[in-house]
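# Fold and geometry: a report
So you can see what is in the structure, the chains are spelled out below.
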Amino acid sequence: IAFGIGINEAAMGLTHALNWAEILDQDPMQKVTAMYLRKAVKLQQGDLAGAERYRKQAELLALQSNRPQMFTNMLALDINVHAAAWDLTGVKQVAARIAPLAERHTGWHAYTHLAEGHYQRVRGDLTAALHAYERCLELTTPERVRNVPKSDMQKARETSTTFHTFSIPRFSWIITECRNAVAA
């Protein structure tokens, strides 16, 4: 539970995630994860040097540990926090780590497109970013949502515009930003 809450708070850039990292430190099977959680918080704060220190500490702990870690894959968090920090090198490195997973497991295909979208956005090519984000959404949108009748879709669009104006999640505002820039 501490990991789940901590990872969500880290993704939102909340420093309270550090408190969850302290709780994770108490479990030998989660010490490495705690370091990666701290790294994510530092990235969200724009402290690239601090994030790099925690990454190195996590790798050192992983090498020294004689116990397997409970959570070994932080790529979904990493790609988003590197993108939020406008860290082009970090986005590229995480994308390179996602690629072999996508070759072996179809569930990672959407993350490949997400990483490409983040990479293109951070480097300033919003048209390419938009296309990559749209491919990501195609892979993650449930079939029942894609096949909504047109009359219901129009009603939903009107409600959505009114209701969601002030509650746009990060990924949605990134796509909106790209669409607006491409249209202009």
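Since this is a predicted model, take the numbers as computed values, not measurements.

## A closer look at the overall build of the protein chain
Check the secondary structure of the protein chain and you find 11 helices and zero strands. Element order for the protein chain, N to C, with α for helix and β for strand: α-α-α-α-α-α-α-α-α-α-α. Buried residues in the protein chain amount to 32% of all 184 residues. Within the protein chain, counting contacts between residues at least 6 apart in sequence, those at least 24 apart form 57% of the total. As displayed, the protein chain has an accessible area near 11,100 Å², and 57% of this comes from carbon and sulfur atoms.

## Here's the deal with the nonpolar core
Counting 21 residues, the largest nonpolar core has Ile7, Ala10, Leu24, Leu37, Met74 and Leu77 as the members making the most contacts within it. In this structure, Val94, Leu101, Ala102 and Ala115 belong to the second largest nonpolar core, which totals 15 residues.

## With respect to the environment of Leu101
Tracing the backbone through its elements, the reader meets Leu101 in helix H6 (residues 88-104). Residues Leu101 and Tyr111, 10 residues apart in the sequence, show an inter-C-alpha distance of 9.7 Å.

## As for the pattern of salt bridges
For the structure shown, the criterion picks out seven salt bridges. The salt bridge partner of Arg38 is Asp25, with a shortest N-O separation of 2.4 Å. With Arg38 in helix H3 (residues 31-44) and Asp25 in helix H2 (residues 17-25), the pair connects residues that are 13 residues apart, well separated along the chain. A residue is classified by how much of its surface remains accessible, and Arg38, at 9% relative accessible area, is buried. Its salt-bridge partner being Asp78, residue Lys39 comes within 3.6 Å of it at the nearest N-O pair. With Lys39 in helix H3 and Asp78 in helix H5 (residues 75-84), the pair connects residues that are 39 residues apart, well separated along the chain. Connected through salt bridges with shared partners, the residues Lys39, Asp78 and Arg97 form a single ionic network.

## What to know about H6
Along an α-helix, residues three or four positions apart point the same way, because every turn accommodates 3.6 residues. Taking 1.5 Å of rise per residue, 17 residues should cover 24 Å, and H6 covers 25 Å from first to last C-alpha, within 8% of that figure. All of the buried residues in H6 are Gly90, Val91, Val94, Ile98, Leu101 and Ala102. Tucked into the core, H6 has its buried residues touching H5 and helix H7 (109-123).

## What about the packing of H5 against H7?
Where H5 contacts H7, the two axes come as close as 10 Å, and the packing angle between them is 15 degrees. Comparing their axes, H7 and H5 come out roughly parallel. With respect to the hand of their crossing, H5 and H7 are arranged in left-handed fashion. For the pair H5 and H7, the contacting residues are Ala76, Ile79, Asn80 and Ala83 in the first and Tyr111, Leu114, Ala115, His118, Arg121 and Val122 in the second. Residue composition of the contact of H5 with H7, by class: seven nonpolar, two polar and one charged.

## Some remarks on a nonpolar patch on the surface
On the surface, Met29, Met70 and Phe71 cluster together into a nonpolar patch covering about 240 Å² of accessible area. Along the chain, the position of Met29 falls in the loop between H2 and H3.

## Considering unusual backbone geometry
Phi is positive for Trp86, close to 55 degrees, though the residue is something other than glycine. By secondary structure assignment, the location of Trp86 is in the loop between H5 and H6.

## Observations regarding the confidence of the model for the protein chain
Scored by pLDDT, the protein chain comes out at a mean of 82, with 78% of its residues at no less than 70. Note that pLDDT drops below 50 for residues 162-167; the model gives that stretch one contact with residues more than four away or on any other chain.

## Structural notes on the layout of surface pockets
If you add up the space inside the second largest pocket, you get close to 450 Å³. Surrounding the second largest pocket, 23 residues form its lining, Tyr36, Lys39, Arg55, Asp78 and Arg97 being those nearest its centre. If you list the elements that add at least two residues to the lining of the second largest pocket, you get H3, helix H4 (48-64), H5 and H6. Taken together, the residues of the lining of the second largest pocket break down into eight nonpolar, eight polar and seven charged.

Here is what the cut-offs are and how they apply
- Position numbers for residues count from 1 along each chain, tracking the sequence in the order it is written.
- Local features in this predicted model are restricted to residues whose pLDDT is 70 or higher, and side-chain atom pairs enter the listing and the counts only when it is 80 or higher, whereas totals over whole chains, interfaces and linings include all residues.
- Side-chain figures throughout are based on the complete set of non-hydrogen atoms in the structure, without hydrogens or water.
- Helix and strand assignments come from DSSP, with helices taken as H or I runs of at least 4 residues and strands as E runs of at least 2, each series counted from the N terminus.
- Residue burial is assigned from relative accessible area. The probe radius is 1.4 Å, only protein chains are included, and a residue is buried under 20% of its type maximum, exposed over 50%, and partly exposed in between.
- By the convention used here, residues are in contact when the closest approach between their heavy atoms is within 4.5 Å.
- Accessible surface is estimated by sampling points in the Shrake-Rupley manner with a 1.4 Å probe; for residues, cover comes only from the protein chains shown.
- We call a set of buried Ala, Val, Leu, Ile, Met, Phe, Trp, Tyr and Cys residues a nonpolar core when their side-chain atoms join them within 4.5 Å.
- The term salt bridge refers to a side-chain nitrogen of Lys or Arg lying within 4 Å of a carboxyl oxygen of Asp or Glu.
- Expected span, for any helix, means 1.5 Å times one less than how many residues it has.
- Angles here are taken between N-to-C directions and fall from 0 to 180 degrees, while the axes themselves are lines fitted to C-alpha atoms, restricted in helices to the stretch in contact.
- Should an angle fall under 35 degrees it is called roughly parallel, over 145 degrees roughly antiparallel, and 65 to 115 degrees roughly perpendicular, with every other angle called oblique.
- Take the far helix as the reference: if the near one is turned anticlockwise from it by less than a right angle, the crossing is left-handed, and if turned clockwise, right-handed.
- Amino acids are sorted into nonpolar (Ala, Val, Leu, Ile, Met, Phe, Trp, Tyr, Cys and Pro), charged (Asp, Glu, Lys and Arg) and polar (every other residue, Gly among them).
- Residues forming no salt bridge and having over 30% relative accessible area are the ones grouped into patches, like charges within 9 Å of each other and nonpolar side chains (Val, Leu, Ile, Met, Phe, Trp, Tyr) within 5 Å.
- Confidence of the predictor at the level of single residues is given by pLDDT, which spans 0 to 100.
- Only protein atoms enter the 1 Å grid used here. Points where a 1.4 Å probe fits but cannot escape make up a cavity, open sets with protein on both sides within 12 Å along at least five of seven lines make up a pocket, and a residue lines them when an atom lies within 4 Å of a point.
- Grid points are joined across faces, edges and corners, and a volume is the space filled by probe spheres set on the points.

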